[in-house]
Amino acid sequence: MALEKDNPYRKGLVALLQSIEEQIPLTEGSYLTIRYHLETEEAIIKFNEWVKSNLKEGKLKATEAEIVRAAVKASKE
């Protein structure tokens, strides 16, 4: 079940994706794929942990494809 618009996890995900896009531009397809797969609090938490584990000096060290793959994987765990 999708999260409500006012859910803090959903709001946090939007803010996280905006931060990622400042460093690594995402295509619309990638953005939509990420949002589609990260529809539960648990998946968002796992994705957030992945992002944190891939930060080097405050910057995300990943490609667009790796980011999408991490979102899909987080939704399946």
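Quantities reported herein were computed from a predicted structural model and do not represent experimental measurements.

Trainee: Explain the packing of aromatic side chains to me, please; I cannot follow it from the model alone.
Mentor: Each aromatic ring pair is summarised here by two numbers: the centre-to-centre distance and the angle between the ring planes. The full count for this structure, using the stated rule, is one aromatic pair. Consider the rings of F47 and W50, whose centres lie 6.1 Å apart with planes at 20 degrees: the pair is stacked. On the criterion of helical spacing, the pair formed by F47 and W50 is a turn pair, its members being three residues apart in helix α3 (residues 41-53). Looking at W50, the relative accessible area reads 22%, which means it is partly exposed.

Trainee: How should I be thinking about helix α1 (residues 8-23) in this particular structure?
Mentor: Two residues of an α-helix separated by three or four positions point the same way, owing to the 3.6 residues in each turn. Taking 1.5 Å of rise per residue, the 16 residues of α1 would be expected to cover 22 Å, and the 23 Å separating its terminal C-alpha atoms lies within 8% of that figure. Those residues of α1 that sit buried are L13, L16, L17 and I20. Burial along α1 is one-sided: seen end-on, the buried residues are contained in an arc of 100 degrees. For α1, exposure combined with an orientation more than 90 degrees from the buried face picks out P8, K11, Q18 and E22. On the buried face of α1, the contacting elements are α2 (28-37), α3, β2 (59-60) and α4 (64-76). The N-cap residue of α1 is N7: its side-chain oxygen and the backbone nitrogen of Y9 are 2.6 Å apart.

Trainee: Explanation requested: the nonpolar core in the structure shown.
Mentor: Counting residues in each nonpolar core, the largest one holds 21 residues, and the members touching the most others are I20, I34, L38, F47, L60 and I67. When residues of this core are traced back to their parent elements, those giving at least two are α1, α3 and α4. Examining the composition of this core, we find that six residues originate from one element, α4, more than from any other. In this structure L38 touches L13, A43, I44, F47, A71 and A74, once residues within four positions along its chain are discounted.

Trainee: I keep staring at unusual backbone geometry and nothing clicks. Help me out?
Mentor: At E57, a position not held by glycine, the phi torsion is positive, near 55 degrees. With respect to the element layout, E57 can be found in the loop between β1 (55-56) and β2. The class for E57 is exposed, based on a relative accessible area of 84%.

Cut-offs used in this document
- Residues numbered from 1 in each chain as written.
- Predicted model: local features only at pLDDT ≥ 70, side-chain atom pairs only at ≥ 80, totals over all residues.
- Heavy atoms only, no water.
- Phe/Tyr/Trp six-rings, centres within 6.5 Å; stacked < 30°, edge-to-face > 60°.
- Helix = DSSP H or I, 4+ residues; strand = E, 2+ residues; numbered from the N terminus.
- Buried < 20%, exposed > 50% of the residue type's maximum accessible area, 1.4 Å probe, protein only.
- Expected span 1.5 Å × (residues − 1).
- Arc of directions from axis to C-beta.
- Contact = heavy atoms within 4.5 Å.
- Polar contact = N/O pair within 3.5 Å; in protein donor to acceptor, adjacent residues only side chain to side chain.
- Core = buried A, V, L, I, M, F, W, Y, C linked by side-chain atoms within 4.5 Å.

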